[in-house]
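Fold and geometry: a report
Residue strings, one per chain:
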Amino acid sequence: MTGLTSGMSHLDAPTVIRTKRDGGVLSDAAIDWVIDGYTHGRVADAQMSALLMAIFLRGMTNGEIARWTAAMIDSGERLDFRDLRRDGKPLRLVDKHSTGGVGDKITIPLVPVVMACGGAVPQAAGRGLGHTGGTLDKLESIPGFTAEIPKGQIRQQLCELGAAIFAAGELAPADRKIYALRDVTATTESLPLIASSVMSKKIAEGARALVLDTKVGSGAFLATEAESRQLARTMVDLGAEHGVPTRALLTDMNTPLGRTVGNAVEVVESLEVLEGGGPDDVVELTLALAREMCEASGLDGVDPGQTLRDGTAMDCFRRLVAAQGGDVTKLSADVLPLGRHSDTVRAPRGGTMGDIDAMAVGLAVWRLGAGRSAPGEQVQFGAGMRIHRRPGEPVAAGEPLFTLYTDTPERLAGAAAELDGAWSVADHPPPGRPLIIDRISI
């Protein structure tokens, strides 16, 4: 079936939906019309939900993805920070985005590391999507912290501090609406929708270079490494097309990152990293991405690891939190929220911890209240999970393996059920996997 043609004088939602449902290619005019119509309320949630499911099932051509991305960028303003200076020199504007992981708190330590190295990070961050956590949900567990900051404050923070972490706001407002709808309509795991969502926000936010963390494995949105590679290549090409040099790391997401998954619990673990400790995998990925960001922005001769050892990254994080209303006296495990009710999964035998399925953990934490089941729903800041034994570590019979936290105790049974069959204790450690699988660039 042929797609809609740009010469059509009349477009309507059922026709657009039907075209994609039947495997057709949407014209530029059809894409522009439906994105504009949904942004301004002329296309209903039910109609966009149907189109998203059709895209999920039928896919998109590269041309459709490029136009969908451009239409979402054009639905709002595009920030431009090229006039900003620090010490008379243009800012080294660079950003990072993850395609979504379980326990992926990397943005929290990464941004201050890059700040301390001399970079400037305009970080338009998101909320939880499906089984993955959102950076804004995590940071908003810090009392007083807000990501709803005006453009003037973003500019001021970039000049004076070197970063701002903010909600996309008027950037790609079409994506904001579609993102929330994907979260509750089981359409998150779509390469075209992931690529266009990520790149529309990142291109609109004003970074001059971009580093992507593209996840691979059971906890990633896409099922296979081949699909994740294709996603990374698509996003790198979209960045180049819009004048934003982009590179991507393919990283393992078969097992959750670190030892915590949730909201405030991940902030606590991020603080450990900024204090020079923390789980090895979180530190490794933070520093790998920091090196890529520094190189992409022309920061030569810097050592991101030194910023963790000497405390300068922690100093930057405290300044950033304070600038956005956060109470820096509350940055400790004793003060940040933790669910009032808990349940512990214990080892049935001694041995070695086997693999832990990242998707199952993500869904368990979602059931505890760390994610949403309806657009705009408030998350529980204290909901989350501690992973006491990671793959390959020794286990004694009866010791804690996972502790689950929530403010609503009726959620505990369903969350624990998600973990059934998602982990094992064996006689021998599981095969090792590299955290960083590959690097993709133009």
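Parameters at a glance
Residues numbered from 1 in each chain as written. Predicted model: local features only at pLDDT ≥ 70, side-chain atom pairs only at ≥ 80, totals over all residues. Heavy atoms only, no water. Helix = DSSP H or I, 4+ residues; strand = E, 2+ residues; numbered from the N terminus. Buried < 20%, exposed > 50% of the residue type's maximum accessible area, 1.4 Å probe, protein only. Pairing = 2+ DSSP bridges. Axes fitted to C-alpha atoms, helices over the stretch in contact; angles between N-to-C directions. Contact = heavy atoms within 4.5 Å. Domains from an automatic or database assignment. Buried area = accessible area lost by both parts, 1.4 Å probe. Salt bridge = Lys/Arg side-chain N within 4 Å of Asp/Glu carboxyl O.

1. Here's the deal with unusual backbone geometry
For D87, which is not glycine, the phi torsion reads 55° and is therefore positive. Mapped onto the secondary structure, D87 falls in the loop between β1 (85–86) and β2 (89–90). The phi torsion at A172 lies on the positive side, around 45°, for a residue other than glycine. Residue placement: A172 occurs in the loop between β5 (163–167) and α8 (173–183). Residue classification places A172 among the buried positions, given a relative accessible area of 1%.

2. Regarding the sheet that holds strand β9 (residues 341–346)
Strand order in this open sheet of four strands is β8-β11-β13-β9, and the pairing throughout is antiparallel. In the strand order of this sheet, the two ends are held by β8 (260–262) and β9, each with one partner. Neighbour-to-neighbour, the strand axes of this sheet turn through a mean angle of 15°, independent of strand direction. Across four bridges, strand β11 (residues 384–387) lies against strand β13 (residues 400–406) in antiparallel orientation. Bridge pairing in β13 places M385 opposite L404. Helix-sheet contacts for helix α11 (residues 264–274) involve β8 and β11, and the interaxial angle to β8 is about 140°.

3. Notes on the domain arrangement of the protein
Per the domain assignment, the segments making up the protein are domain 1 (13–59), domain 2 (85–332) and domain 3 (341–426). Domain 2 and domain 3 are separated by 25 Å when their C-alpha centres are compared. For the pairing of domain 2 and domain 3, the buried interface totals around 2,100 Å² over both sides, and the portion due to carbon and sulfur atoms is 55%. It is H131, R259 and V261 in domain 2 that bury the most area against domain 3; as a group they hold 27% of the surface buried on that side. Counting across the domain 2 and domain 3 interface gives three salt bridges. In this structure, D137 engages R372 in a salt bridge whose closest nitrogen and oxygen atoms are separated by 2.8 Å.

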